[in-house]
Amino acid sequence: MDLPAHDDDGIFLPGGSPHDRWMRLALDEARAAAAEDEVPVGAIVVVGGRVIASAHNQREQLADPTAHAEMIALTQAAAATGSWRLEDCTLYVTLEPCPMCAGAILQARVPRVVWGAADPKAGAVESLYRLFEDTRLNHRVEHVGRVLADECGRILSDFFRGKRTSR
């Protein structure tokens, strides 16, 4: 599904995706993760043209298998809005959500997700599964993928290349 050709303020941005500016903020979070030796995935939540949550992977730091960028950002967004129903939010994440994160997004009633790099090993939006479009579920999520995909993928590739060479 493609999202409308405007940003959350209703402004069309010619010469690039309307989602680029938000994805660049998610990429800042991914870089923060890499600096902490975490898998560099970042996420932000936007409502009405304003960032209400920003997070990055913290599985190593928190010793928590659920501490994915999306999960942390959803928790922050729920606290910011005072509701678990994030019905007015757009989630931007640098990597296609995994099944756990896609499930949480569905449970939180997030209506829109914009993601960067595809995840052929764990992607639950297009690569392996299509959870956001599963008619057996009671909620659907509009989504657009591959926004700044090269840059989102490069930060992951560089991180894992560094891991392999430092062994």
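Keep in mind that what you see is a predicted model, and the values were worked out from it rather than measured.

**Re the environment of Ala53**
Along the chain, Ala53 turns up in strand β2 (residues 50-56). Assessed through its relative accessible area of 3%, Ala53 is described here as buried. For the pair formed by Ala53 and Arg136, sequence separation is 83 residues and the distance between their alpha carbons is 30 Å. Apart from residues lying up to four places away in sequence, Ala53 is in contact with Ala43, Ile44, Val45, Ala73, Gln76 and Ala77.

**Concerning helix α1 (residues 20-35)**
Taking 1.5 Å as the rise per residue, α1 with 16 residues should run 22 Å; its terminal C-alpha atoms sit 22 Å apart, in good agreement. Of the positions making up α1, those classed as buried are Asp20, Trp22, Met23, Ala26, Leu27, Glu29, Ala30 and Ala33. For α1, the angular spread of buried residues about the axis comes to 160°, placing them on one side. Positive backbone phi, approximately 60°, marks Asp37, located one or two places after α1.

**Topic: the confidence of the model for the chain**
For the chain, the mean per-residue pLDDT works out to 92, and 90% of the residues sit at or above 70. Here residues 1-14 is a poorly scored stretch, pLDDT under 50, and it has 37 contacts once near neighbours within four places are set aside; other chains count.

**With respect to the nonpolar core**
Grouped together as the largest cluster of nonpolar side chains are 45 residues, with contacts concentrated most on Met23, Val45, Leu91, Ile105, Val110, Val113 and Phe132. Filtering out sequence-adjacent residues up to four positions away, Val45 remains in contact with Arg50, Val51, Ile52, Ala53, Ala73, Ala77, Cys89, Thr90 and Leu91.

**Description of the pattern of salt bridges**
Applying the stated criterion across every chain, the model contains eight salt bridges. The salt bridge involving Arg31 is made with Asp28; its shortest N-O contact spans 2.8 Å. One end of the pair, Arg31, and the other, Asp28, are both in helix α1, three residues apart, so they sit about a helical turn from each other. Taking the shortest distance from any N to any O, the salt bridge between Arg161 and Asp158 comes out at 2.8 Å. Separated by three residues within a single helix, Arg161 and Asp158 lie in helix α5 (residues 149-165), roughly one turn from each other. In this structure Asp158 comes out as partly exposed when scored by relative accessible area, which is 40%. What you see here is one network of salt bridges that share partners, running through Arg24, Asp28, Arg31 and Glu151.

**Remarks on the packing of helix α3 (residues 69-81) against helix α4 (residues 99-107)**
A packed helix pair is summarised by two numbers, namely the angle formed by the two axes and the spacing between the axes. Their axes nearest at 9 Å, the elements α3 and α4 cross at an angle of 20°. What the angle tells us is that α3 and α4 run roughly parallel. Crossing of α3 over α4 shows left-handed handedness. Contacts between α3 and α4 pair Glu70, Met71 and Leu74 from the former with Met100, Cys101, Ala104 and Ile105 from the latter. Counted by class, the contact of α3 with α4 contains six nonpolar, no polar and one charged residues.

**Considering the environment of Gly42**
Residue position: Gly42 is located in strand β1 (residues 42-47). When its relative accessible area of 0% is taken as the criterion, Gly42 is described as buried. If sequence neighbours within four positions are ignored, Gly42 has contacts with Ala26, Glu29, Ala30, Ala55, His56, Ala69, Tyr92, Val93 and Thr94.

**Examining the layout of surface pockets**
For the largest pocket, the calculated volume is near 480 Å³. If you trace the largest pocket, you find 20 residues lining it, with Val39, Leu95, Asp119, Leu156 and Phe160 closest to the centre. The element contributing the most residues to the lining of the largest pocket is α5, with four residues. Of the residues contributing to the lining of the largest pocket, the split by class is 11 nonpolar, four polar and five charged.

The rules behind the values
- Residues numbered from 1 in each chain as written.
- Predicted model: local features only at pLDDT ≥ 70, side-chain atom pairs only at ≥ 80, totals over all residues.
- Heavy atoms only, no water.
- Helix = DSSP H or I, 4+ residues; strand = E, 2+ residues; numbered from the N terminus.
- Buried < 20%, exposed > 50% of the residue type's maximum accessible area, 1.4 Å probe, protein only.
- Contact = heavy atoms within 4.5 Å.
- Expected span 1.5 Å × (residues − 1).
- Arc of directions from axis to C-beta.
- pLDDT = per-residue confidence, 0-100.
- Core = buried A, V, L, I, M, F, W, Y, C linked by side-chain atoms within 4.5 Å.
- Salt bridge = Lys/Arg side-chain N within 4 Å of Asp/Glu carboxyl O.
- Axes fitted to C-alpha atoms, helices over the stretch in contact; angles between N-to-C directions.
- Parallel < 35°, antiparallel > 145°, perpendicular 65-115°, else oblique.
- Left-handed = near helix turned anticlockwise from the far one by under 90°.
- Nonpolar A, V, L, I, M, F, W, Y, C, P; charged D, E, K, R; others polar.
- 1 Å grid on protein atoms, 1.4 Å probe; cavity = no way out; pocket = protein on both sides within 12 Å on 5 of 7 lines; lining within 4 Å.
- Points joined across faces, edges and corners; volume = space filled by probe spheres on them.

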